[in-house]
Amino acid sequence: MSVAGPPAVTVAKLATGGLHGVIADIAAVLLFIGIMQASGLLDVIVRHIIILGNRLDKGPG
């Protein structure tokens, strides 16, 4: 019995197998951010975060 698993499992196969899900997640997040920016919603959210930070006296300026 091997500590690393069966001989057919390699680090490259584990990295490649797990990477597909990560790439899909990153692509979905970037697509979501792009849609928010194109619709103008991202600017509104950032503006409200800055206003809230200034109210809490933790924002820039």
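If you're wondering where the values come from, they're calculated on a predicted model, not measured in any experiment.

K.L.:
Teacher, can you tell me more about the overall build of the protein chain here?
P.N.:
Scanning the protein chain from N- to C-terminus turns up 2 helices and 0 strands. The buried share of the protein chain, reckoned over its 61 residues, is 3%. Total accessible area computed for the protein chain in this model is approximately 5400 Å², and 73% of it derives from carbon and sulfur atoms.

K.L.:
Can you walk me through helix H2 (residues 41–55) in this structure?
P.N.:
Three or four residues apart is the spacing at which side chains of an α-helix point the same way, because the helix has 3.6 residues per turn. Over its 15 residues, H2 extends 21 Å from the first C-alpha to the last, a length consistent with the 21 Å expected when each residue adds 1.5 Å. Looking one or two places after H2, you find Asp57, whose phi comes out positive at around 60°.

K.L.:
Which parts of the structure should I look at to understand a nonpolar patch on the surface?
P.N.:
Where nonpolar side chains cluster on the molecular surface, the patch consists of Leu19, Val22, Ile23, Ile26 and Leu30 and spans about 470 Å² of accessible area. Along the polypeptide, Val22 turns up in helix H1 (residues 11–39).

K.L.:
Explain the environment of Ser39 to me, please; I cannot follow it from the model alone.
P.N.:
Structurally, Ser39 is set in helix H1. In this structure the side chain of Ser39 is engaged in a polar contact, spanning 3.1 Å, whose partner is the backbone oxygen of Met36. Engagement of the side chain of Ser39 in a polar contact is seen with the backbone nitrogen of Leu41, the distance being 3.5 Å.

Parameters and conventions
- Residues numbered from 1 in each chain as written.
- Predicted model: local features only at pLDDT ≥ 70, side-chain atom pairs only at ≥ 80, totals over all residues.
- Heavy atoms only, no water.
- Helix = DSSP H or I, 4+ residues; strand = E, 2+ residues; numbered from the N terminus.
- Buried < 20%, exposed > 50% of the residue type's maximum accessible area, 1.4 Å probe, protein only.
- Areas by Shrake-Rupley, 256 points an atom, 1.4 Å probe, with all protein chains shown as cover.
- Expected span 1.5 Å × (residues − 1).
- Patch = residues over 30% accessible without salt bridge, like charges linked within 9 Å, V, L, I, M, F, W, Y side chains within 5 Å.
- Salt bridge = Lys/Arg side-chain N within 4 Å of Asp/Glu carboxyl O.
- Polar contact = N/O pair within 3.5 Å; in protein donor to acceptor, adjacent residues only side chain to side chain.

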